[in-house]
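The chain contents come next:
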Amino acid sequence: QVQLVESGGGLVQPGGSKRLSCVASGTIFRIVAMAWYRQAPGKERELVARLNSGGGFEYADSVKGRFTISRDNAKNMAYLQMNSLNPEDKAVYYCHSHVYTTPQRWSEVWGQGTLVTVSS
């Protein structure tokens, strides 16, 4: 099975930056796409950024121009660079991926999340 593990969360001041990392491990034939979601207390989980295998990017309107998703295919890693953070960015951030575990079978995988706290 495939596992995703996030890291890099923690406390940051408004206007500061954080870089989140996600490592995929396990039985992986090919990673199709990786994405970052977040969930704030009392709110629904939302898509923050997505990078697919074709090189396409997708960002939530609230983070455009501030967040950047990237991927290192050789290391099976994804990153989320977060700049100009504000209190509304406080949430648990989750790594998400669609991966092929065999040439014919794909799986949807979630990480356990990492908490980002932005003080006001």
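Structure report, in brief. (Residues numbered from 1 in each chain as written. Predicted model: local features only at pLDDT ≥ 70, side-chain atom pairs only at ≥ 80, totals over all residues. Heavy atoms only, no water.)

1. With respect to the environment of glycine 111
Condition: Where helices and strands are cited, they refer to DSSP runs of H or I of at least four residues and of E of at least two residues respectively, numbered from the N terminus. The classification of residues rests on relative accessible area computed with a 1.4 Å probe and restricted to protein chains. Under 20% of the type maximum is buried, over 50% is exposed, and intermediate values are partly exposed. By definition in these notes, contact holds between two residues if any of their heavy atoms fall within 4.5 Å.
Mapped onto the elements of the fold, glycine 111 is located in the loop between β10 (106–110) and β11 (114–118). Note on glycine 111: relative accessible area 9%, which makes it buried. C-alpha separation for the pair glycine 111 and glutamate 6, spaced 105 residues apart in sequence, amounts to 6.4 Å. Glycine 111 has contacts with Leu4, Glu6, Tyr94 and Cys95, leaving out every residue within four places of it along the chain.

2. Let's talk about unusual backbone geometry
Of note in this structure, asparagine 76 is not a glycine but carries a positive phi near 55°. Mapped onto the fold, asparagine 76 is located in the loop between β7 (67–72) and β8 (77–82). A positive phi angle, close to 50°, is found at serine 84, a residue other than glycine. Tracing the sequence through the fold places serine 84 in the loop between β8 and β9 (91–100). Judged by its relative accessible area of 42%, serine 84 is partly exposed.

3. Thoughts on the packing of aromatic side chains
Put simply, the rule is: Side-chain rings of Phe, Tyr and Trp, where Trp is taken by its six-membered ring, are said to pair if the distance between their centres is within 6.5 Å; with planes under 30 degrees apart they count as stacked, over 60 as edge-to-face, and otherwise as tilted. Here, over-ring charges are defined by two tests on the NZ atom of lysine or the CZ atom of arginine: distance to the ring centre within 6 Å, and angle to the ring normal within 35 degrees.
The final tally for this structure, using the stated rule, is three aromatic pairs. Look at phenylalanine 57 and tyrosine 59: their rings are 6.3 Å apart centre to centre, the planes differ by 5°, and that puts the pair in the stacked class. Among the residues examined, phenylalanine 57 registers a relative accessible area of 52% and is labelled exposed. By the ring-pair criterion, three or more aromatic residues cluster together here, those being Tyr37, Tyr94 and Trp110. Directly above the ring of tyrosine 94 sits arginine 45, whose terminal nitrogen or CZ lies 3.7 Å from the centroid. Of note, arginine 45 hangs over the ring of tryptophan 110, and the distance from its end group to the ring centre comes to 4.7 Å.

4. So, the environment of valine 12
Positionally, valine 12 belongs in strand β2 (residues 10–12). A sequence separation of 107 residues divides valine 12 from serine 119, and the C-alpha atoms of the two residues are 6.6 Å apart. Here valine 12 is in contact with Ser17, Lys18, Leu85, Thr117, Val118 and Ser119, once residues within four sequence places are set aside.

5. Some remarks on the side chain of glutamate 6
Quick note on the threshold: Positive charge is attributed to Lys and Arg, negative charge to Asp and Glu, and no charge count is given to His or to the chain ends. Salt bridge, as used here, is a side-chain nitrogen of Lys or Arg placed within 4 Å of a carboxyl oxygen of Asp or Glu. The definition of a polar contact used here is a pair of N or O atoms within 3.5 Å, where within protein one atom must be able to donate a hydrogen and the other to accept one, and adjacent residues in sequence count solely through side-chain atom pairs.
Mapped onto the fold, glutamate 6 is located in strand β1 (residues 2–7). One buried charged residue, glutamate 6, remains without a salt bridge, the closest side chain of opposite sign being arginine 45 at 7.7 Å. A polar side-chain atom of glutamate 6 sits 3.1 Å from the main-chain amide nitrogen of glutamine 112. For glutamate 6, the contacting residues outside a window of four places in its chain are Ser21, Cys22, Trp36, Tyr93, Tyr94, Cys95, Gly111, Gln112, Gly113 and Thr114.

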